[in-house]
Each structure stands twice: as C-alpha cells, then as structure tokens.
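Close look at the chain arrangement
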Amino acid sequence: MFQDFTKQFGTSMEPFKDLVNVQTKMLEELTRQQMECTKSCIEATIQQTREMQKCQNATDLMELQQAYAKELEETLRSVGEQNLKALQDARSAIDKITQSSFESFNPK
C-alpha cells in the first residue's frame with residue numbers, strides 16, 4: 001500500500017518537476033544572455049576608450065561617441081529580443097504542461 005502511494009505521489013508530482021525544469025532552463029538561458037550582453041558592453045567600452053586616443057578633434061570624438069552609443073543600443077535591443085524569446089518559449093512549454101495536466105483530470 002505504501003509503495004502504491006509513493007508511486008502515485010511520484011506520478012502526480014511529474015508536472016511540477018517539469019515546470020521546475022522549464023523554469024531552470026529559462027533562467028539558465030537568461031543568465032547566459034545577460035553574461036554575453038555584459039561582455040559585449042565591456043568590450044565595446046574598452047574599444048571606445050582605445051579609439052578615443054586617436055581622436056584629433058571634437059568632430060572625431062562626437063562620431064566615436066555616436067558609433068559607441070549605436071553599438072550599445074543594438075546590443076541591448078538584440079539581448080532584449082532574445083530575452084523575450086526565452087520567456088515566450090518557457091511560457092509555451094508551461095502552457096503545454098498545464099494543459100496536459102488538466103486534460104488528465106478530465107475524463108473523456
């Protein structure tokens with residue numbers, strides 16, 4: 001009897017385990033994306049600092065700053081889109097798990 005209960009409990013916990021796995025994968029992906037974003041921003045800042053030394057006048061400096069700002073904007077926009085995709089993928093997976101769980105309670 002105890003084994004039956006343990007088996008039934010383990011089976012009923014599967015959707016929760018699946019939800020935790022989805023959330024874990026999503027958080028890992030978001031963390032990876034944020035680390036790549038941070039790395040890109042740091043590299044762009046270092047490159048911009050190196051290029052500043054080559055500026056001869058205010059126009060050169062202004063163009064350098066504009067290029068730097070544009071590069072950061074593109075990086076942040078790209079990461080934002082990737083973050084949204086990761087969240088949407090996780091939501092879709094959670095919706096499937098939830099729907100499947102509710103269908104198992106609905107006799108046909």
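Small disclaimer: the values here were computed from a predicted structure and weren't measured.

A few words on the overall build of the protein. Summing up its helical and strand segments, the protein has two helices and zero strands in all. For the protein, the proportion of its 108 residues judged to be buried stands at 17%. Considering only contacts in the protein between residues 6 or more positions apart, those separated by 24 or more positions represent 74%.

A separate point is the pattern of salt bridges. Summed over the entire model, instances satisfying the criterion amount to six salt bridges. Note that E14 is salt-bridged to K17, the shortest N-O span being 3.6 Å. Of this pair, E14 and K17 both sit in helix α1 (residues 2-52), three residues apart, which is roughly one turn of that helix. A relative accessible area of 36% places E14 in the partly exposed class.

This next bit is on the environment of D18. Take D18: it is sitting in helix α1. By relative accessible area, D18 is classed as partly exposed at 33%. For the pair D18 and I97, spaced 79 residues apart in sequence, the C-alpha to C-alpha distance is 7.4 Å.

Tracing the sequence through the fold places L27 in helix α1. Once the C-alpha coordinates of L27 and N83 are considered, the two residues, 56 residues apart in sequence, prove to be 10.0 Å apart.

Rules behind the numbers
Residues numbered from 1 in each chain as written. Predicted model: local features only at pLDDT ≥ 70, side-chain atom pairs only at ≥ 80, totals over all residues. Heavy atoms only, no water. Helix = DSSP H or I, 4+ residues; strand = E, 2+ residues; numbered from the N terminus. Buried < 20%, exposed > 50% of the residue type's maximum accessible area, 1.4 Å probe, protein only. Contact = heavy atoms within 4.5 Å. Salt bridge = Lys/Arg side-chain N within 4 Å of Asp/Glu carboxyl O.

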